[in-house]
Amino acid sequence: DLALVMSDPENVNALVQTRYILEPQMAALAACSATAQEMDQLFTILHAMEKDSDKHSLMTHGYLFHQAVAQFSHNQVLYGFFQSAARQLRGLRVLDSLTLEIYLDGVQEHYAIAEAIAAKNPALAKKRMQLHLEKDYSQYLHGVDILNLE
């Protein structure tokens, strides 16, 4: 059962790698399919995030941002995979290992992703999401370079 495999702390690297594979693709899809109303929602999350100064609030708004990007990809299967992987990462407290400084720096990274999506530039949205995830999860992405095939 996939839920059982994903909830096993031994599989945290694989779980992060899964997110690293899926999320840039979802950002690219969102750049192709997000509506103006959805972009307004995405920027509303970012404006709230910009006002945050504590780790928990930044983490919450970051999660909402990534969830919205996944939803705005308009691919229910990918969205379901994202939801499951993100829920398991939160349950394994992976995000707790990130510092307040990383979360604060992440605000501008999220803006850069949103701007690429709003500009309807899938390649740029994908690349910006990839760079963001690499920065946040570098300790879990050992041996993932082979996935960067273009």
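(A) Main features of the nonpolar core. If you look at the biggest cluster of nonpolar residues, it comprises 36 residues, and the most contacted ones within it are Leu-42, Leu-46, Phe-65, Val-69 and Ile-117. Looking at this core, the elements with two or more residues in it are helix H2 (12-33), helix H3 (36-51), helix H4 (55-72), helix H5 (76-91), helix H6 (100-118) and helix H7 (122-137). Non-local contacts of Ile-117, meaning those with residues more than four positions away in its chain, are made with Ala-27, Ala-30, Ala-31, Ala-34, Met-39, Leu-42, Val-69 and Ala-125. Core analysis: the second largest hydrophobic core is formed by eight residues, Leu-22, Met-26, Ala-70 and Tyr-79 among them.

(B) Spatial organisation of the environment of Phe-82. Structurally, Phe-82 can be placed in helix H5. Since its relative accessible area comes to 1%, Phe-82 is described here as buried. Residues Phe-82 and Arg-19, spaced 63 residues apart in sequence, show a C-alpha to C-alpha distance of 6.9 Å. If we skip the residues at most four places from it in the chain, Phe-82 touches Arg-19, Glu-23, Met-26, His-66, Gln-67 and Ala-70.

(C) The packing of aromatic side chains, seen in detail. A complete count under the given rule lists two aromatic pairs for this structure. On the numbers, 6.2 Å between centres and 40° between planes, the contact of Phe-43 with Tyr-111 is tilted. You can see Phe-43 sitting in helix H3 and its partner Tyr-111 sitting in helix H6, a full 68 residues away along the chain. Neither Phe-43 nor Tyr-111 differs from the other in exposure class; each is buried. With 6.4 Å between their ring centres and 25° between their planes, Tyr-63 and Phe-82 make a pair best called stacked. Taken together, the residues Tyr-63 in helix H4 and Phe-82 in helix H5 connect sequence positions 19 residues apart. Taking relative accessible area as the criterion, Tyr-63 reaches 18% and is therefore assigned buried.

(D) Expanded view of the pattern of salt bridges. Summed over the entire model, instances satisfying the criterion amount to three salt bridges. The partner of Glu-23 in a salt bridge is Arg-19, and the shortest N-O contact between them spans 2.2 Å. Within this pair, Glu-23 and its partner Arg-19 are both found in helix H2, separated by four residues, close to a single helical turn. Its relative accessible area of 2% is what places Glu-23 among the buried residues. Since its relative accessible area comes to 8%, Arg-19 is described here as buried. Note that Lys-135 and Asp-105 form a salt bridge whose closest N and O atoms lie 3.5 Å from each other. With a gap of 30 residues between them, Lys-135 in helix H7 and Asp-105 in helix H6 connect regions that are remote in the sequence.

What counts and what doesn't
Numbers given to residues run from 1 along each chain, matching the order in which its sequence is written. Only residues with pLDDT of at least 70 are given local features in this predicted model, and only at 80 or more are side-chain atom pairs given and counted; all residues enter the totals for whole chains, interfaces and linings. Side-chain calculation: all heavy atoms of the structure are included, whereas hydrogens and water are not. Working definition of a nonpolar core: buried Ala, Val, Leu, Ile, Met, Phe, Trp, Tyr and Cys residues. They are joined through side-chain atoms within 4.5 Å. Burial status follows relative accessibility: with a 1.4 Å probe on protein chains alone, a residue under 20% of its type maximum counts as buried, one over 50% as exposed, and anything between as partly exposed. The numbering of helices and of strands both runs from the N terminus, where a helix is a DSSP run of H or I of at least 4 residues and a strand a run of E of at least 2. Residue contacts are counted whenever heavy atoms from the two residues lie within 4.5 Å of one another. Here a Phe, Tyr or Trp ring, Trp counted by its six-membered ring, pairs with any other such ring whose centre lies within 6.5 Å, and the pair is stacked when the planes are under 30 degrees apart, edge-to-face when over 60, and tilted otherwise. A side-chain nitrogen of Lys or Arg and a carboxyl oxygen of Asp or Glu constitute a salt bridge if their distance falls within 4 Å.

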